[in-house]
Amino acid sequence: MKKCARRAVIAGNWKMNMTPSTTVKAVEDTVKLTAGADCDVVLCVPFVDIVPAVKAAEGSHVKIGAQNVHYEAKGAFTGEISADMLKEVGAEYVIIGHSERRQYFGETDTTVNLRTKAALDAGLKVILCVGELLEERKSGVTAEIISMQTKLDLAYVPADELKNVIIAYEPVWAIGTGLTATAEQADEACGIIRGVIETLYSKEAAEAITIQYGGSMNDGNAAELLEKVNVDGGLIGGASLVPEKFAKIVEAASK
Ligand code: PGA
């Protein structure tokens, strides 16, 4: 049963997987297998896979995104990719602040905020990731951590840009570990984030914003998680690499 007015968004995060040649089949299969989707479907792919992915998804319901973006428009930033570059090759979405970027590449809330603003200015839709570490959950500070991240990451993002922001609640301990937050934990955390949006913006903004859960979501547990009132979709890592599994998650979100 559809639980509310918000349309679910199921986004795949391929991480550092797939080459341009394997991308084509994976996108084509995803397009075919999710043909009946009654939710938004996005695949966030490595930079070099964007062009073939956009071509393979052309004219379909599947949208393509990137996994990071730099905050400067251009210049001496070796190895970085700008928002305009992503737009020009047909990316519509970009993941920002994924915990792997925060953990391994020194991403901070300050740079996440800068990237978010640059992506929105360029007309990209942002999937902004927040989430607590295991020690933080054990210490009982999950609410504080995800509230703080949401506030800092959205600083100076105006209310009229929020329609282009999706927040992904991704408890770091659940990412790629096979450990999933319980549906209750996911719902509670997504609800806390929604409350922060209400404080920062308005009740209407809080009711409208899409908040996903991410962290070992798969074809077996998606339905239970997506049934929760505050969980408006999923950011899927491992299971998005297998179109059949990903399609089952899309199906669960479409019910
Ligand atoms: P996972 O990754 O589904 O493999 O846990 C989720 C993510 O990192 O976005």
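Note that the coordinates shown come from a computational prediction; the quantities given were computed from them, not determined experimentally.

1. Examining the packing of helix H5 (residues 109-121) against helix H7 (residues 142-153)
- Where H5 meets H7, the axes come as close as 8 Å, and the angle between the chain directions of the two elements is 45°. Relative to H7, the element H5 is oriented oblique. Residues Asp109, Val112, Asn113 and Thr116 of H5 pack against Gln149, Leu152 and Asp153 of H7.
- Residue composition of the contact of H5 with H7, by class: two nonpolar, three polar and two charged.

2. Some words on the side chain of serine 216
- Note that serine 216 resides in the loop between strand S7 (210-214) and helix H10 (222-226).
- According to the relative accessible area criterion, serine 216 is buried, its value standing at 17%.
- Here alanine 174 takes part through its backbone oxygen, which lies 2.7 Å from a polar atom of the side chain of serine 216.
- Looking at serine 216, its side chain comes within polar contact range of the main-chain nitrogen of glycine 178, at 2.9 Å.
- The residues touching serine 216, leaving out its near neighbours within four places in the chain, are Ala174, Gly176, Thr177, Gly178, Leu179, Thr180 and Asn221.

3. Examining the sheet that holds strand S8 (residues 233-236)
- Here we have eight strands rolled up into a closed barrel, ordered S1-S2-S3-S4-S5-S6-S7-S8, and parallel in their pairing. Across this sheet, the average inter-strand angle for adjacent strands is 25°, counted without regard to direction.
- In this sheet, strand S6 (residues 165-169) lies alongside strand S5 (residues 125-130) in parallel orientation, the contact comprising five bridges. Note that in S6 the partner of isoleucine 127 across the bridge is isoleucine 166.
- Sitting on the sheet, helix H8 (residues 183-200) touches S5, S6 and S7, and the angle it makes with S6 is about 140°.

4. Section: helix H11 (residues 243-254)
- For H11, which comprises 12 residues, the first-to-last C-alpha distance of 16 Å matches the rise-based estimate of 16 Å (1.5 Å per residue) to within 8%.
- Those residues of H11 that fall on the buried side of the exposure criterion are Pro243, Phe246, Ala247, Ile249, Val250, Ala252, Ala253 and Ser254.
- In this fold, the buried residues of H11 make contact with strand S1 (9-13), helix H1 (20-33), strand S2 (40-44), H10 and S8.

5. A short note on the nonpolar core
- Ile10, Val94 and Tyr213 are the most contacted members of the largest nonpolar core, which has 64 residues in total.
- Per-element accounting of this core gives the leading share, six residues, to H8.
- Every residue in contact with tyrosine 213, bar those within four places of it in the chain, is listed here: Tyr169, Pro171, Ala174, Thr180, Ala181, Ala186, Leu225, Val231, Gly233, Gly234 and Leu235.
- Core analysis: the second largest hydrophobic core is formed by 11 residues, Ala11, Val42, Ile127 and Ala168 among them.

Reading the values: rules and limits
- Residues numbered from 1 in each chain as written.
- Predicted model: local features only at pLDDT ≥ 70, side-chain atom pairs only at ≥ 80, totals over all residues.
- Heavy atoms only, no water.
- Axes fitted to C-alpha atoms, helices over the stretch in contact; angles between N-to-C directions.
- Helix = DSSP H or I, 4+ residues; strand = E, 2+ residues; numbered from the N terminus.
- Parallel < 35°, antiparallel > 145°, perpendicular 65-115°, else oblique.
- Contact = heavy atoms within 4.5 Å.
- Nonpolar A, V, L, I, M, F, W, Y, C, P; charged D, E, K, R; others polar.
- Buried < 20%, exposed > 50% of the residue type's maximum accessible area, 1.4 Å probe, protein only.
- Polar contact = N/O pair within 3.5 Å; in protein donor to acceptor, adjacent residues only side chain to side chain.
- Pairing = 2+ DSSP bridges.
- Expected span 1.5 Å × (residues − 1).
- Core = buried A, V, L, I, M, F, W, Y, C linked by side-chain atoms within 4.5 Å.

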